Amino acid sequence: MPTVLVKALSPNEKDQKYEVEAGRLLYDELERQGLILPHGCLAGSCGSCRIEILEGAENLSNPGAVESDTISHIKSNYSPNKIIRLSCRAKVNGDIVISVLK
Ligand code: FES
């Protein structure tokens, strides 16, 4: 099973590690295990569920048209070398390390 490591947002929090079922949506797999990531539409349009991929970007499904379009609208708010994905659209096929973006 792929592993998802969610990096802590602040020094008083700890990184959290989850095992997820391969081929499933990242958001759904974490929610099933009790981690509710920031979200809105759950359809790839609002960008509320944006995350940064710190490791393993190649282990996610390729972004579809809706996800790519949404990311193109929000990515100017971040450093150009950040790999941004939407947790409600990205399917996990292997180990990844992520951080929640604000
Ligand atoms: S929750 Fe709206 S894009 Fe993911």
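This structure is a prediction, so every number in the text was calculated from the model and none was measured.

### Things to note about the overall build of the protein
Moving on, step 1. Per the secondary structure count, the protein includes two helices and seven strands.
Moving on, step 2. For the protein, the α and β elements follow one another from N to C terminus as β-β-β-α-β-α-β-β-β.
Moving on, step 3. In terms of C-alpha radius of gyration, the protein reaches 13 Å, essentially the compact-globule figure of 13 Å for 102 residues.
Moving on, step 4. Summarising its shape, the C-alpha atoms of the protein cover approximately 30 × 30 × 25 Å along the three principal directions.
Moving on, step 5. Per-residue burial over the protein gives 25% buried out of 102 residues.

### Observations regarding unusual backbone geometry
Moving on, step 1. Backbone geometry places Leu42, a non-glycine residue, at a positive phi of 55°.
Moving on, step 2. Counting through the fold element by element, Leu42 comes out in the loop between helix 1 (26-32) and strand 4 (50-55).
Moving on, step 3. Overall, Leu42 belongs to the partly exposed group, with 17 C-beta atoms counted inside 10 Å.

### Notes on the sheet that holds strand 1 (residues 3-6)
Moving on, step 1. An order of 2-1-7-4-5 is seen for the five strands of this open sheet, with the pairing classed as mixed. If you trace the sheet from one side to the other, it starts and ends with strand 2 (16-19) and strand 5 (84-86), each paired once. Across the sheet, the mean angle from the axis of one strand to that of its neighbour is 35°, orientation sign disregarded.
Moving on, step 2. Here strand 4 pairs with strand 5 via three bridges, running antiparallel. Bridging from a neighbouring strand, Ile51 pairs with Arg85 of strand 5.

### Describing the environment of Asp95
Moving on, step 1. As for its position among the elements, Asp95 is in the loop between strand 6 (91-92) and strand 7 (96-100).
Moving on, step 2. Residue classification places Asp95 among the partly exposed positions, given that 15 C-beta atoms sit within 10 Å.
Moving on, step 3. Distance in space between the C-alpha atoms of Asp95 and Leu5 is 8.1 Å, their sequence separation being 90 residues.
Moving on, step 4. Each residue touching Asp95, except ones within four places of it in the same chain, is listed here: Pro2, Thr3, Gly56 and Asn59.

### Notes on the pairing of strand 4
Moving on, step 1. In the sheet, strand 4 pairs with strand 7 via four bridges, with the strands oriented antiparallel. Within strand 7, the residue paired with Ile51 across the bridge is Val100.

### Notes on the environment of Ile84
Moving on, step 1. Mapped onto the elements of the fold, Ile84 is located in strand 5.
Moving on, step 2. If sequence neighbours within four positions are ignored, Ile84 has contacts with Arg50, Glu52, Ile71, Lys75, Tyr78 and Leu101.

### Points about the pairing of strand 7
Working note: regular strand, side chains alternate between the two faces of the sheet.
Moving on, step 1. Here strand 1 runs beside strand 7; their pairing, made up of three bridges, is parallel. Its bridge partner lying in strand 7, Leu5 is registered against Val97.

Criteria and cut-off values
- Residues numbered from 1 in each chain as written.
- Predicted model: local features only at pLDDT ≥ 70, side-chain atom pairs only at ≥ 80, totals over all residues.
- Helix = DSSP H or I, 4+ residues; strand = E, 2+ residues; numbered from the N terminus.
- Rg over C-alpha atoms; globule rule 2.2 N^0.38 Å.
- Buried ≥ 20, exposed ≤ 12 C-beta atoms within 10 Å, placed from the backbone.
- Pairing = 2+ DSSP bridges.
- Axes fitted to C-alpha atoms, helices over the stretch in contact; angles between N-to-C directions.
- Contact = placed C-beta atoms within 7 Å.

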